[in-house]
Amino acid sequence: MTPHSTGVDGMAGLDAAGGPDRGCGPAHDGRQKRDPTLNRDGLDQAGRVWVVMRELADNYPPKDALRAALNLGRGSGRVKALLWLAEGPLSLSELADAVQVDAPYATLIVDNLQDRGLVERRTDPADRRRKLVALTPEGKLAAQRALRVKREPPPGFAGLSAAELDTLEDLVQRIAGHPGPAV
């Protein structure tokens, strides 16, 4: 497709699915032409790197490492709640929003953590009608253990040189929109 030609419904530069035309549509002789910069899943290099980064972030640390460190059972809601509460007490609705669960499930999470002695419900000093959920001293220790596990880099980082780690840090900062120092 040329910049002056039109795609589906007269929209220049869009493929049949409404996405950007990456040159994978039918060639003039009816055969499918393939953009050599895309893999078989239709991802360009940036897409492939993003998939690997997401998989790394989503799967590390392994869930069993957090379970072993905290003995909280399956599910991530209790760990997320501990980490949010490490920042300070929250109302149940604030905690539900932070953990991204509905209020009844947040209540179950807090009940479970309270049964384990990790959180307590307190009256909000600013509004005595409202309850806040706060970490107990044991809960603070559990949150610290969770942070240690979550902050431990994957083993592959040990194989990178200091210069490679500097480059990686700069690249990730740029991708995240936090430009680092100019070199």
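Each chain carries its own residue numbering, running from 1 in the written order of its sequence. This being a predicted model, a pLDDT of at least 70 is required before a residue's local features are given, and a value of 80 or more before pairs of side-chain atoms are given or counted; all residues contribute to the totals for chains, interfaces and linings. The basis for every side-chain value is the complete set of non-hydrogen atoms in the structure, without hydrogens or water.

Asker: Just to check I follow, could you spell out the overall build of the protein for this structure?
Answerer: Secondary structure elements are taken from DSSP: a helix is a run of H or I of four residues or more, a strand is a run of E of two residues or more, and numbering for both begins at the N terminus. In terms of regular secondary structure, the protein is built from seven helices and three strands. In the protein, the succession of α and β elements from N to C terminus is α-α-α-β-α-α-β-β-α-α. Counting over 183 residues, the protein shows a buried share of 22%. It only takes one pair of heavy atoms within 4.5 Å for two residues to be counted as in contact. Expressed as a percentage of contacts within the protein between residues at least 6 apart in sequence, the contacts between residues at least 24 apart total 34%. Working definition: with a 1.4 Å probe on protein chains only, accessible area under 20% of the residue-type maximum means buried, over 50% means exposed, and in between means partly exposed.

Asker: Honestly, the pattern of salt bridges in this entry has me stumped. Any pointers?
Answerer: It is possible for side chains of opposite charge to pair when their charged atoms get near one another. By convention in these notes, a salt bridge is any Lys or Arg side-chain nitrogen within 4 Å of a carboxyl oxygen on Asp or Glu. Counting across every chain of the model gives seven salt bridges. One salt bridge connects Arg130 with Glu94, and the closest N-O pair in it is separated by 3.9 Å. Here the residue Arg130 occupies a position in strand β3 (residues 127-135), and Glu94 occupies one in helix α4 (residues 92-99), the gap between them amounting to 36 residues. In this structure, Glu138 engages Arg145 in a salt bridge whose closest nitrogen and oxygen atoms are separated by 3.9 Å. Linked through salt bridges whose partners overlap, the residues forming this network are Glu94, Asp124 and Arg130.

Asker: Help me understand the nonpolar core, please; the structure alone is not making it clear to me.
Answerer: A general feature of soluble globular proteins is that nonpolar side chains tend to end up buried together. Residues Leu82 and Leu113 are the most contacted members of the largest nonpolar core, which totals 22 residues. Secondary-structure elements contributing two or more residues to this core are α2 (63-70), α3 (77-85), α4, α5 (103-115), β3 and α6 (137-151). Joining through side-chain atoms within 4.5 Å is the link that ties buried Ala, Val, Leu, Ile, Met, Phe, Trp, Tyr and Cys residues into a set, and such a set is a nonpolar core.

Asker: Would you explain unusual backbone geometry in this entry?
Answerer: Of note, the bond from Tyr60 into Pro61 is cis; its omega dihedral lies within 30 degrees of zero at 0°. Checked against the element boundaries, Pro61 lands in the loop between α1 (45-59) and α2. The phi dihedral of Asn71 is positive, around 55°, even though this residue is not glycine. Topologically, Asn71 is positioned in the loop between α2 and α3. According to the relative accessible area criterion, Asn71 is exposed, its value standing at 58%. Of note in this structure, Gln100 is not a glycine but carries a positive phi near 65°. Here Gln100 is to be found in the loop between α4 and α5. Judged by relative accessible area, which is 70%, Gln100 ranks as exposed.

The values are spatial; any link to function lies outside them.
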